[in-house]
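For reference, the chains in residue letters:
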Amino acid sequence: MARITKGILGGFSGKVGTIVGANWRGQDIIRSIPKPSSKQPTDKQLLQQTRFSMVISFLQPLKNIQTKYFGSGSGSKSRVNMAVSYTISEALQMNGDVPELVYNKVLITKGDLAGFQNVTAAPQTGNIIALSLEDNSAQGNADTADKANVVCYCEELGTFEIFESVAERGALTADVTMPASYTGKEIQVWVFFRNAKETLACNSAYLGAYTLI
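What comes next is a walk through the structure.

Rules and cut-offs
- Residues numbered from 1 in each chain as written.
- Predicted model: local features only at pLDDT ≥ 70, side-chain atom pairs only at ≥ 80, totals over all residues.
- Heavy atoms only, no water.
- Helix = DSSP H or I, 4+ residues; strand = E, 2+ residues; numbered from the N terminus.
- Contact = heavy atoms within 4.5 Å.
- Expected span 1.5 Å × (residues − 1).
- Buried < 20%, exposed > 50% of the residue type's maximum accessible area, 1.4 Å probe, protein only.
- Arc of directions from axis to C-beta.
- Salt bridge = Lys/Arg side-chain N within 4 Å of Asp/Glu carboxyl O.
- Pairing = 2+ DSSP bridges.
- Axes fitted to C-alpha atoms, helices over the stretch in contact; angles between N-to-C directions.
- Core = buried A, V, L, I, M, F, W, Y, C linked by side-chain atoms within 4.5 Å.
- Polar contact = N/O pair within 3.5 Å; in protein donor to acceptor, adjacent residues only side chain to side chain.

Digging into the overall build of the protein chain
Next up, step 1: The helix and strand tally for the protein chain stands at three helices and 13 strands.
Next up, step 2: Considering only contacts in the protein chain between residues 6 or more positions apart, those separated by 24 or more positions represent 56%.

Set out below in structure tokens:
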């Protein structure tokens, strides 16, 4: 059953016969129901499906961040779709016949806020990642109230840990503590700033891979 949303001349949602109606990014659209194909996918199609599935699975835990802080979100693509497209085209490489992520090319956020200057990370006893920051609050559109955020990923476990607002831009140091289950595991670390109004972020910075102690 379909539902008319704006009167008889308006859009509708649901399925009628061979068409589907929906509201997408504020616009009423209709599309035909795709017909199942009896053709076997080619090796190239299977590889593309694998690449797409890998990226979707990897980025899924970051959806709330990237919905707000990846690109402008204007045009036909959502911010999440932009993040997927970027990762597939820029942060995947082939290792033989197997696609793999290139972590130093992965972007967690993408935006116009001033980024970090001379930020470093180092593992400390107790599953701690210690950050050293440089105050660049006088640079461009930066502000002392901008919040630093840390994103950690463990490939072995396939899990993320996200630490929000760990320090303001004017701070010189910040620490994050990973759960005990990460002891001895290698993690990938990214950081990003977002402004106090939560409307703008910088391009995330990749800090490297670290083994927790």
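Details of helix α1 (residues 43-59)
Next up, step 1: In this model, α1 (17 residues) spans 24 Å end to end at C-alpha, consistent with the 24 Å of a helix rising 1.5 Å per residue.
Next up, step 2: Those residues of α1 that sit buried are Arg51, Val55, Phe58 and Leu59. Around the axis of α1, the buried residues are gathered within 90 degrees of arc, so they sit on the same side.

Digging into the pattern of salt bridges
Next up, step 1: Enumeration according to the criterion identifies five salt bridges in this entry.
Next up, step 2: Here Arg169 makes a salt bridge to Asp146, at a shortest N to O gap of 2.9 Å. On the criterion of sequence distance, the pair formed by Arg169 in the loop between β10 (159-168) and β11 (173-177) and Asp146 in the loop between β8 (128-132) and β9 (147-154) is long-range, its members being 23 residues apart. Pair check on accessibility: Arg169 and Asp146 agree, each one buried.
Next up, step 3: A salt bridge links Lys147 to Glu168; the nearest nitrogen and oxygen atoms lie 2.6 Å apart.

Quick look at the sheet that holds β10
Next up, step 1: In space, the four strands of this open sheet follow the order β10-β9-β12-β13, with antiparallel pairing throughout. Pairing within the sheet leaves two strands with one partner each, and these edge strands are β10 and β13 (205-211). For this sheet, the mean angle separating the axes of adjacent strands, direction not counted, is 25 degrees.

Here we look at the sheet that holds β8
Strand pairs in the sheet, formed through backbone hydrogen bonds, run parallel or antiparallel to each other.
Next up, step 1: One open sheet accounts for three strands, arranged β7-β8-β11; its pairing is antiparallel. Lying at the two open borders of the sheet, with one neighbouring strand each, are β7 (120-124) and β11. Across this sheet, the average inter-strand angle for adjacent strands is 25 degrees, counted without regard to direction.
Next up, step 2: In this sheet, β11 lies alongside β8 in antiparallel orientation, the contact comprising five bridges. Residue pairing in the sheet places Leu131 in a bridge with Ala174 of β11.

With respect to the nonpolar core
Next up, step 1: In terms of nonpolar packing, the biggest core is built from 49 residues, with Phe58, Leu131, Ile187 and Trp190 touching the most fellow members.
Next up, step 2: When neighbours within four sequence positions are excluded, Trp190 is seen to be in contact with Phe58, Tyr103, Val106, Ile108, Asn149, Val150, Val151, Tyr153, Phe160, Ser204, Ala205 and Tyr206.

Things to note about helix α3 (residues 79-90)
Next up, step 1: In this model α3 runs 16 Å from its N-terminal to its C-terminal C-alpha over twelve residues, within 8% of the 16 Å that 1.5 Å per residue would give.
Next up, step 2: When we look at burial in α3, the residues that qualify are Ala83, Val84, Tyr86, Thr87 and Ile88.
Next up, step 3: Looking at the buried side of α3, the elements it contacts are α1, α2 (63-69), β5 (92-95) and β6 (98-101).

Here we look at the side chain of Ser137
Next up, step 1: Mapped onto the elements, Ser137 comes out in the loop between β8 and β9.
Next up, step 2: Exposure remark for Ser137: the relative accessible area of 18% places this residue in the buried category.
Next up, step 3: Here Asp135 takes part through its side chain, which lies 2.8 Å from a polar atom of the side chain of Ser137.
Next up, step 4: Those residues in contact with Ser137 that lie beyond four places of it in its chain are Ala142, Asp143, Thr144 and Arg169.

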